[in-house]
Amino acid sequence: MTVNLEVAEGVATLRLDRPPMNALDVATQDRIKELAEEATRRDDVRAVVIYGGERVFAAGADIKEMQNMDHTAMVLRARALQDSFTAVARIPKPVVAAVTGYALGGGCELALCADYRIAADDAKLGQPEILLGLVPGAGGTQRLPRLVGPSKAKDLIFTGRMVKAEEALAIGLVDRVVPAAEVYEQAHAWAARLAKGPAIALRAAKEAIDTGLETDIDTGLALERNWFAGLFATEDRERGMRSFVEEGPGKAKFL
């Protein structure tokens, strides 16, 4: 398999495994969607790490495969490509990308689907599709400007240039830069911490933020209001408030 899902103590690692560069061919795209949906369904998965291994996250689409596809073939394929990545973005649990080596094209777009991105200090990210006479097709033109702003996104997409980890951090493309040997460890620690949190409240927070960004403020506030009130029906809310009153803040243990 070119992608695997390994689960331990509430944390699932969605592991790309297509040496040497984790090129995202059609089979890999479909497998990503399948496993993202599995991670969504499984009750034993409380948080997810996306990881490509120690050397590379994902260097983009399989260009040799794409070269043989004509307009008709890509019209039929483009939705499935986007759906694969959207399945990752819609995992209703905390998702962190552990970015090593290159995250280019589809690799960068996959990282954009995470809630948080931890990059190696020697990582390089970018959307080089313009150099092929194309534009990003797996969400890059939409998710990148929402993350870094339209002008920075246009710079990256118009030029196709790669950015090093320091610049990626400065523009908000990644959230933390660490030594390459520590990327997975720190990403897993981030996920493991949240895996111990209140699952329904975390799901509510993610949906309220993601959906709210796509709508007007009044609709977003209504969504927040409904989630806020609804969480008063959960055992986690009872547990969290009881612990706060009896033991002080930050000591609640959620199931």
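Parameters at a glance
Residues numbered from 1 in each chain as written. Predicted model: local features only at pLDDT ≥ 70, side-chain atom pairs only at ≥ 80, totals over all residues. Heavy atoms only, no water. Axes fitted to C-alpha atoms, helices over the stretch in contact; angles between N-to-C directions. Helix = DSSP H or I, 4+ residues; strand = E, 2+ residues; numbered from the N terminus. Left-handed = near helix turned anticlockwise from the far one by under 90°. Contact = heavy atoms within 4.5 Å. Nonpolar A, V, L, I, M, F, W, Y, C, P; charged D, E, K, R; others polar. Expected span 1.5 Å × (residues − 1). Polar contact = N/O pair within 3.5 Å; in protein donor to acceptor, adjacent residues only side chain to side chain. Phe/Tyr/Trp six-rings, centres within 6.5 Å; stacked < 30°, edge-to-face > 60°. Buried < 20%, exposed > 50% of the residue type's maximum accessible area, 1.4 Å probe, protein only. Salt bridge = Lys/Arg side-chain N within 4 Å of Asp/Glu carboxyl O. Pairing = 2+ DSSP bridges. Right-handed = clockwise from strand over helix to strand, strands pointing away.

Just checking my understanding: could you explain the packing of helix α1 (residues 26-41) against helix α3 (residues 71-89) for this structure?
Two measures define how a pair of helices packs: the angle their axes make with one another and the distance between the axes. Two numbers describe how α1 lies on α3: the axes approach to 8 Å, and their chain directions differ by 40°. Where α1 crosses over α3, the handedness of that crossing is left-handed. Contact residues: V26, Q29, D30, I32, K33, A36 and E37 in α1; R77, L81, D83, S84, A87 and V88 in α3. Partitioning the contact of α1 with α3 into residue classes produces six nonpolar, two polar and five charged.

Can you walk me through helix α10 (residues 217-230) in this structure?
Note: α-helices contain 3.6 residues per turn, so residues at a spacing of three or four share the same orientation. Taking 1.5 Å per residue, 14 residues should reach 20 Å; α10 reaches 20 Å between its end C-alpha atoms and fits that length. You can read the cap of α10 off the contacts: a side-chain oxygen lies 3.1 Å from the backbone nitrogen of D218, and it is on D216.

It is not clear to me how the packing of aromatic side chains should be interpreted in this structure. Could you clarify?
Between two aromatic rings, the relevant description is the distance of the centres plus the angle of the planes. Applying the stated rule across the entire model yields three aromatic pairs. Between the aromatic rings of Y51 and Y184, the centroid separation amounts to 4.6 Å while the plane-to-plane angle is 35°, which identifies the pairing as tilted. Placement of Y51 in strand β3 (residues 47-51) and of Y184 in helix α8 (residues 183-195) is noted, with a sequence separation of 133 residues between them. Y51 sits in the buried class, given a relative accessible area of 11%.

Explanation requested: the pattern of salt bridges in the structure shown.
Pairing of side chains with opposite charge becomes possible as their charged atoms draw close. A full pass over the atoms with the stated rule returns 13 salt bridges. Linking R31 and E34 is a salt bridge whose minimum nitrogen-to-oxygen distance equals 2.9 Å. Of this pair, R31 and E34 are both found in helix α1, three residues apart, which corresponds to roughly one turn of the helix. Residue R31 is classed as buried on the basis of its relative accessible area, which comes to 15%.

Looking at this structure, how should I read the pairing of β3?
β3 sits mainly inside the fold: five of its five residues count as buried. Side chains A47, V49 and Y51 project from β3 onto one buried face, and the interleaved V48 and I50 project onto a second face that is buried too. Across five bridges, strand β2 (residues 11-16) lies against β3 in parallel orientation. Residue R15 lies in a different strand from β3, and its bridge partner there is Y51. Crossover connection from β2 via α1 to parallel β3: handedness right-handed. Relative to strand β4 (residues 95-99), β3 is paired through four bridges, and the arrangement is parallel. When the bridges of β4 are listed, V49 appears paired with V96.

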